[in-house]
Amino acid sequence: VVAGLSLAGVVVVGKQLVDVLIEIGQVGIAANSGFEQTKLGIASVVASVGKLNQNGVELKGVDALNAALPIAQKQLDALRVDALNTALTFEQISKGFLQAVGPGLAAGLNLDQIRKTVIDLSQLIGPLTGQTEQLGQELRAIFSGDINQDTQVAKALQITREQVKAAKEAGTFAEFLNEKLKVASVTGALMAQTFEAAKSNLQEAGTVLAAQVSEGL
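Engineer: Give a detailed account of the environment of Phe143, specifying residues and quantitative values.
Structural biologist: When you line up the elements, Phe143 lands in helix H5 (residues 135–144). The class for Phe143 is buried, based on a relative accessible area of 0%. Phe143 sits 37 residues away from Ala106 along the chain, and the two C-alpha atoms are 8.3 Å apart. Look past the residues within four positions of Phe143 in its chain and what remains in contact with it is Ala100, Pro103, Gly104, Ala107, Leu109, Ile114, Thr117, Val164, Lys168, Phe173 and Leu177.

Engineer: Could you give me a rundown of the packing of aromatic side chains, with the residues and numbers involved?
Structural biologist: Applying the stated criterion across every chain yields a total of two aromatic pairs. Look at Phe143 and Phe173: their rings are 6.4 Å apart centre to centre, the planes differ by 75°, and that puts the pair in the edge-to-face class. Remark: Phe173 occurs in helix H8 (residues 173–180) and Phe143 occurs in helix H5; sequence separation between them is 30 residues. With centroids separated by 6.3 Å and ring planes inclined at 15°, the aromatic side chains of Phe173 and Phe176 adopt a geometry described as stacked. Of the two residues, Phe173 and Phe176 are both situated in helix H8; the distance of three residues between them amounts to about one turn of the helix. Looking at Phe173, the relative accessible area reads 3%, which means it is buried. For Phe176, a relative accessible area of 16% translates into the label buried. An aromatic cluster is present here, built from Phe143, Phe173 and Phe176 joined pairwise through their rings. Over the ring of Phe90 we find Arg80, and its NZ or CZ is 4.1 Å from the ring centre. Over the ring of Phe173 we find Lys168, and its NZ or CZ is 5.5 Å from the ring centre.

Engineer: Outline the environment of Ala64, listing residues and values.
Structural biologist: By secondary structure assignment, the location of Ala64 is in helix H2 (residues 61–83). Classification of Ala64 by relative accessible area gives buried; the value is 1%. Ala64 has contacts with Ala47, Leu52 and Leu59, leaving out every residue within four places of it along the chain.

Engineer: Can you break down the packing of helix H7 (residues 161–170) against H8 residue by residue, with the values?
Structural biologist: Packing of H7 against H8 brings their axes to within 7 Å, and their N-to-C directions diverge by 135°. By the angle class used here, H7 and H8 are oblique. On H8, the residues that touch Gln163, Val164, Ala167 and Lys168 of H7 are Phe173, Phe176 and Lys180. Split by residue class, the contact of H7 with H8 holds four nonpolar, one polar and two charged.

Engineer: An account of unusual backbone geometry is requested, with residue identities and associated values reported.
Structural biologist: Even without being glycine, Asn55 reaches a positive phi, approximately 55°. Relative to the helices and strands, Asn55 resides in the loop between strand S1 (53–54) and strand S2 (57–58). Look at Gln158: it is not a glycine, yet its phi comes out positive at around 60°. Mapped onto the elements, Gln158 comes out in the loop between helix H6 (152–156) and H7. For Gln158, a relative accessible area of 59% gives the class exposed.

Engineer: How would you summarise the pattern of salt bridges if you had to cite specific residues and measurements?
Structural biologist: Per the counting criterion, the structure on display carries eight salt bridges. Overlapping salt bridges bring together Asp82, Asp112 and Arg115 as one network.

Conventions used here
- Residues numbered from 1 in each chain as written.
- Predicted model: local features only at pLDDT ≥ 70, side-chain atom pairs only at ≥ 80, totals over all residues.
- Heavy atoms only, no water.
- Helix = DSSP H or I, 4+ residues; strand = E, 2+ residues; numbered from the N terminus.
- Buried < 20%, exposed > 50% of the residue type's maximum accessible area, 1.4 Å probe, protein only.
- Contact = heavy atoms within 4.5 Å.
- Phe/Tyr/Trp six-rings, centres within 6.5 Å; stacked < 30°, edge-to-face > 60°.
- Lys NZ or Arg CZ within 6 Å of the ring centre and 35° of its normal.
- Axes fitted to C-alpha atoms, helices over the stretch in contact; angles between N-to-C directions.
- Parallel < 35°, antiparallel > 145°, perpendicular 65-115°, else oblique.
- Nonpolar A, V, L, I, M, F, W, Y, C, P; charged D, E, K, R; others polar.
- Salt bridge = Lys/Arg side-chain N within 4 Å of Asp/Glu carboxyl O.

Structure follows, in structure tokens:
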């Protein structure tokens, strides 16, 4: 009877372990798939909106896309590190970055400047709006200057359509954004100490582990 109970216990534990491994695999596959889709999306925008050159010749079509893929990979790798200092997950911030690349490039910013603005705004989106899913919308509005009653962060920071237009025309849009968003560095230092930041970092650590385990599946 004891042996039977022990065997039953082993079977139960084994089934639980299998369930855990399956769940890790599913989370990892979803994370890897999401990462690749985001990378392809960013590369597609960079290839279409940006101007990529090789040996003095502007790249077009598939050649431009292939050249943009490692650029997108580099930006996402940097974004993953940056995300650790925010209360948002990498997935949330990378989606915001994807939506910001097109209007950001059109506004005359480079990818590093766009990424910095994404991180800065991600520090403020929660405290100012309570709706982190609006990150992409707020970024697009600020980069394009299409600021209205729905762009809560821009309104709170007193960023106007006229100011955006003037900064672009003066070629000082990046400096303008840095000045307007300088409060984000202070907010970020405080947010990094909050429970929400710790929770998002723990969630991100689990997702990264699952992605690494399931890579190649």
